[in-house]
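Residues per chain, in single letters:
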Amino acid sequence: MATKPTHEQAQLHLQVYDLRREERLRKARDWFQQNYRAKTLEEAMRFAPGTEQGNYVGMVMGYWEQACALLNYGLLHEDLFFETSGEFFGVWELLKPVVPEFRKQFKAPHMLANLEKAAQRFEKWQERRAPGSIEMMRQWMKEEQPKSASASAKAR
């Protein structure tokens, strides 16, 4: 986007950010980043709805799906969002392996479509600005995931 954010977009952006700071959502986001490593539907279903971990997964998915819907509908300024909200891309990268199975299992072909669409645009946007950075981030996540997951398992 070559335009500046409008005052309304900036206000909404701050409201979306402020929601991220809510204590329970912050805890869910922290848990998700440290523990969510599902590669199959079976692994993802370990975090069943109604359990604390399942609630965390649902909160993170729901928050970023809603934030990305606001972005996709043009209510948030794309450059401003991408410059300040890269966490959603990491969430998408962690969810991406199981989303096709989620969609099939729950007969919900558009499940997490806003998150996916925003992540695809972010990847192109980021590659234009910093070529190679997405691949470096993915590599870092691959190397870091087992460390985080094993440290988390030891703590339980």
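Given the structure is predicted, the values throughout are model-derived calculations rather than measurements.

Draft legend 1. Summary view of the overall build of the protein chain. Within the protein chain one finds 9 helices and 0 strands. Across the protein chain, helices and strands are ordered from the amino to the carboxyl terminus as α-α-α-α-α-α-α-α-α. Here the C-alpha atoms of the protein chain give a radius of gyration of 16 Å, agreeing with the 15 Å that 2.2 N^0.38 yields for 156 residues. If one aligns the C-alpha atoms of the protein chain with their principal axes, the spans along those axes are about 45 × 35 × 30 Å. The buried share among the 156 residues of the protein chain stands at 40%. Within the protein chain, residue pairs in contact and separated by at least 24 positions form 72% of the contacts whose partners lie at least 6 positions apart. For the protein chain, the computed accessible surface area is about 9,500 Å², with 55% contributed by carbon and sulfur atoms.

Draft legend 2. Summary view of the nonpolar core. Ranked by size, the top nonpolar core spans 39 residues in total, and within it Phe-32, Tyr-36, Trp-64, Phe-81, Phe-88, Leu-95 and Leu-115 carry the most contacts. When contributions to this core are tallied by element, the ones reaching two or more residues are α2 (23-35), α3 (41-44), α4 (52-72), α5 (78-84), α6 (87-95), α7 (99-105), α8 (113-129) and α9 (133-155). Residue contributions to this core peak at 9 residues, all from α4. When near neighbours in sequence (up to four residues on either side) are disregarded, Phe-88 contacts Trp-64, Cys-68, Phe-81, Phe-82, Leu-115, Ala-118, Ala-119 and Phe-122.

Draft legend 3. Expanded view of the packing of α2 against α4. The N-to-C vectors of α2 and α4 enclose an angle of 100 degrees; their axes lie 9 Å apart at closest approach. One element, α2, and the other, α4, form an angle in the roughly perpendicular class. Judged by residue contacts, Arg-24, Leu-25, Lys-27, Ala-28, Arg-29, Trp-31 and Phe-32 of α2 engage Glu-52, Gln-53, Asn-55, Tyr-56, Val-57, Met-59, Val-60 and Tyr-63 from α4. For the contact of α2 with α4, the per-class residue count stands at 9 nonpolar, 2 polar and 4 charged.

Draft legend 4. Region of the structure containing the confidence of the model for the protein chain. Residue-level pLDDT values for the protein chain average 91, and 92% of them are 70 or greater. Counting interchain partners and residues more than four positions distant, the pLDDT-below-50 stretch residues 146-156 has 7 contacts.

Reading the values: rules and limits
- Residues numbered from 1 in each chain as written.
- Predicted model: local features only at pLDDT ≥ 70, side-chain atom pairs only at ≥ 80, totals over all residues.
- Heavy atoms only, no water.
- Helix = DSSP H or I, 4+ residues; strand = E, 2+ residues; numbered from the N terminus.
- Rg over C-alpha atoms; globule rule 2.2 N^0.38 Å.
- Buried < 20%, exposed > 50% of the residue type's maximum accessible area, 1.4 Å probe, protein only.
- Contact = heavy atoms within 4.5 Å.
- Areas by Shrake-Rupley, 256 points an atom, 1.4 Å probe, with all protein chains shown as cover.
- Core = buried A, V, L, I, M, F, W, Y, C linked by side-chain atoms within 4.5 Å.
- Axes fitted to C-alpha atoms, helices over the stretch in contact; angles between N-to-C directions.
- Parallel < 35°, antiparallel > 145°, perpendicular 65-115°, else oblique.
- Nonpolar A, V, L, I, M, F, W, Y, C, P; charged D, E, K, R; others polar.
- pLDDT = per-residue confidence, 0-100.

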